[in-house]
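So you can see what is in the structure, the chains are spelled out below.
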Amino acid sequence: MRLVAAGTRMPGWVSDGFDSYVRRLPRELSLELMQIPLGHRPKGGPSDRAVAAEGERMLAASRGHRVVCLEVTGQALSTPQLAARLRGWMNAGQPVALLIGGPDGLSPDCRAAASLEWSLSPLTLPHGLVRVVVAEQIYRAWTVIKGHPYHRE
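Let us look at the structure shown here. (Residues numbered from 1 in each chain as written. Predicted model: local features only at pLDDT ≥ 70, side-chain atom pairs only at ≥ 80, totals over all residues. Heavy atoms only, no water.)

A few points about the overall build of the chain
And step 1. The helix and strand inventory of the chain stands at five helices and five strands.
And step 2. Along the chain, helices (α) and strands (β) appear in the sequence β-α-β-α-β-α-β-α-β-α when read from the amino end.
And step 3. Here the C-alpha atoms of the chain give a radius of gyration of 15 Å, agreeing with the 15 Å that 2.2 N^0.38 yields for 153 residues.
And step 4. Judged by the C-alpha coordinates and their principal axes, the chain covers about 50 × 30 × 30 Å. (Helix = DSSP H or I, 4+ residues; strand = E, 2+ residues; numbered from the N terminus. Rg over C-alpha atoms; globule rule 2.2 N^0.38 Å.)

So, in structure tokens, the structure goes:
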């Protein structure tokens, strides 16, 4: 799996939290982070070009992958539902790219390419926190698949 995230300057706690969960994943379910530089946003101007440029880079980094967009308006998944999706993705053998947009969201092209728009919460979350939460949720879903006691219902 690949987490493609707009933005390259994250606080240390983001890297530490993300890496903590990535290290726990088995070899057959690796999660790599690809950071995409933010597009240039003119001061007080429209952000359309910046979002489009980020989207182009995100889709290029996702070539050959099943695209899943992280969107506040997307589908909320329970842990068992995510585990079932993860099992399906793993069985399909196609790598998955999870996309996290920049401050102005994902481009329409990214959303159009997505097989799923996944919402972690109806709240708008800081982009760095989303990286950590996604890594933890992927780890948690994997533990459900393997019958590991990490997740309790």
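After that view of the structure, there is still more to cover.
Remarks on the nonpolar core
And step 1. Core analysis: the largest hydrophobic core is formed by 29 residues, its most contacted members being Met1, Leu98, Trp118 and Val134.
And step 2. For this core, the leading source of residues is helix H5 (residues 127-146), giving eight residues.
And step 3. With residues up to four places along the chain from it excluded, the contact list for Trp118 reads Val68, Cys69, Leu70, Glu71, Gly74, Gln75, Leu77, Leu82, Leu98, Val134 and Gln137.
And step 4. Listed in part, the 12 residues of the second largest apolar core include Ala6, Met58, Ala61 and Cys110. (Core = buried A, V, L, I, M, F, W, Y, C linked by side-chain atoms within 4.5 Å. Buried < 20%, exposed > 50% of the residue type's maximum accessible area, 1.4 Å probe, protein only. Contact = heavy atoms within 4.5 Å.)

Structural notes on the environment of Ala141
And step 1. Relative to the elements of secondary structure, Ala141 occurs in helix H5.
And step 2. Separated by 91 residues in the primary sequence, Ala141 and Ala50 have C-alpha atoms spaced 33 Å apart.
And step 3. With residues up to four places along the chain from it excluded, the contact list for Ala141 reads Leu82, Ala83 and Leu86.

Some words on the pairing of strand E4 (residues 96-100)
And step 1. Summarising burial for E4: five of the five residues are buried, a large majority.
And step 2. Residues of E4 alternate between two faces, with Val96, Leu98 and Ile100 on one and Ala97 and Leu99 on the opposite face, all of them buried.
And step 3. Of the pairings in the sheet, the one linking strand E1 (residues 2-6) to E4 comprises four bridges and is parallel in character. Counted as the bridge partner of Arg2 is Ala97 from E4.
And step 4. The pairing of strand E3 (residues 66-76) with E4 spans four bridges and is classified as parallel. Residue pairing across strands places Val67 opposite Ala97, the latter belonging to E4.
And step 5. Traced from E3 through helix H3 (residues 79-92) to E4, the parallel crossover comes out right-handed. (Pairing = 2+ DSSP bridges. Right-handed = clockwise from strand over helix to strand, strands pointing away.)

Quick look at the layout of surface pockets
And step 1. For the largest pocket, the calculated volume is near 300 Å³.
And step 2. Every residue lining the largest pocket is counted, 17 residues in all, and those nearest its centre are Leu70, Glu71, Val72, Leu125 and His127.
And step 3. Listing elements by their share of the lining of the largest pocket, those giving two or more residues are E3, strand E5 (114-119) and H5.
And step 4. Of the residues assigned to the lining of the largest pocket, the class counts are nine nonpolar, seven polar and one charged. (1 Å grid on protein atoms, 1.4 Å probe; cavity = no way out; pocket = protein on both sides within 12 Å on 5 of 7 lines; lining within 4 Å. Points joined across faces, edges and corners; volume = space filled by probe spheres on them. Nonpolar A, V, L, I, M, F, W, Y, C, P; charged D, E, K, R; others polar.)

Quick look at the pairing of E3
When a strand is regular, its side chains alternate between the sheet's two faces.
And step 1. Direction of pairing for E3 relative to E5: parallel, over a ladder of six bridges. When the sheet's bridge partners are listed, Gln75 is paired in E5 with Trp118.

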